[in-house]
Amino acid sequence: MMVGGYPRFQYGGYWFSLVDPWPEYWSDNWYDNDDVYIDYSGDGYYLYNRRYPRDRIAISVYVN
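Worth saying up front: this structure is predicted, and the values here are computed from it rather than measured. Position numbers for residues start from 1 in each chain and track the written sequence from start to end. A pLDDT threshold of at least 70 governs which residues receive local features in this predicted model, and a stricter bar of 80 or more applies before side-chain atom pairs are shown or counted, although totals over entire chains, interfaces and linings include all residues. As a rule here, side-chain values cover all heavy atoms of the structure and leave hydrogens and water aside.

**Considering the pairing of strand 6 (residues 52-63)**
Basically, it comes down to this: DSSP bridges decide pairing: two strands pair if at least two such bridges lie between them. Where helices and strands are cited, they refer to DSSP runs of H or I of at least four residues and of E of at least two residues respectively, numbered from the N terminus.
The sheet contact formed by strand 3 (residues 14-18) and strand 6 spans 5 bridges and is antiparallel. Bridge pairing links Leu18 to Ile59 in strand 6.

Written as structure tokens, this is what we have:
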């Protein structure tokens, strides 16, 4: 779902919005097929893709 021009999804009662763009070399349907997870790392929450373990995407977390 797009909200305010940013991709956003809901899981477990939380809303997550991508702050950083995902790399161009990720497949066009990574969000449907790749194994991703969210983790807190030092200064915030990030989305990680197990297929590309060195990449991380900054995200915002909302309770709603």
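**Comments concerning the confidence of the model for the protein**
Cut-off, in case you're wondering: pLDDT measures the predictor's confidence residue by residue and takes values from 0 up to 100.
Confidence in the prediction of the protein, expressed as mean pLDDT, is 88, and 89% of residues score 70 or more. Put simply, strand 1 (residues 2-3) is where the protein has its lowest mean pLDDT, 62, and strand 5 (residues 44-49) is where it has its highest, 94.

**Some words on the packing of aromatic side chains**
To keep things clear, this is the line we draw: Two aromatic rings from Phe, Tyr or Trp, using only the six-membered ring of Trp, form a pair when their centres are within 6.5 Å; if the ring planes differ by under 30 degrees the pair is stacked, by over 60 it is edge-to-face, and anything between is tilted. For the exposure calls, accessible area comes from a 1.4 Å probe over protein chains only, and a residue counts as buried if that area is under 20% of its type's maximum, exposed if over 50%, partly exposed in between.
Taken as a whole and assessed by the stated rule, the structure comprises 9 aromatic pairs. For the ring pair Tyr25 and Tyr52, a centre distance of 5.5 Å and an interplane angle of 70 degrees mean the geometry is edge-to-face. Residue Tyr25 is located in the loop between strand 3 and helix 1 (30-33), and its partner Tyr52 is located in strand 6; the two are separated by 27 residues in the primary sequence. Using a relative accessible area of 52% as the deciding quantity, one classes Tyr25 as exposed. Ring pairing ties together the aromatic residues Trp22, Tyr25, Trp26, Trp30, Tyr31 and Tyr52, which thus form one cluster.

**Details of the pattern of salt bridges**
For clarity, the cut-off: Salt bridges are identified by distance alone: a Lys or Arg side-chain nitrogen within 4 Å of an Asp or Glu carboxyl oxygen.
Taken as a whole, this structure holds 2 salt bridges when the rule is applied. Arg51 is the salt-bridge partner of Asp34, the closest N and O atoms lying 3.3 Å from each other. Within this pair, whereas Asp34 is found in the loop between helix 1 and strand 4 (36-41), its partner Arg51 is found in the loop between strand 5 and strand 6, the two being separated by 17 residues in sequence. For Asp34, a relative accessible area of 9% translates into the label buried. Arg50 serves as the salt-bridge partner of Asp35, at 2.8 Å between the closest nitrogen and oxygen. Within this pair, whereas Asp35 is found in the loop between helix 1 and strand 4, its partner Arg50 is found in the loop between strand 5 and strand 6, the two being separated by 15 residues in sequence. Using a relative accessible area of 53% as the deciding quantity, one classes Arg50 as exposed.

**Some words on the pairing of strand 5**
Burial runs high along strand 5: 5 of the 6 residues are buried. With 6 bridges joining them, strand 4 and strand 5 adopt antiparallel strand pairing. Across the sheet, the residue bridging to Tyr40 is Tyr45, located in strand 5. The hairpin turn running from strand 4 into strand 5, its antiparallel successor, is 2 residues long, and Gly42 in that turn takes a positive phi close to 65 degrees. Here strand 5 runs beside strand 6; their pairing, made up of 5 bridges, is antiparallel. Note on strand 6: the bridge partner recorded for Asn49 is Tyr52. Between strand 5 and strand 6, which pair antiparallel and follow one another directly, the connecting turn spans 2 residues.

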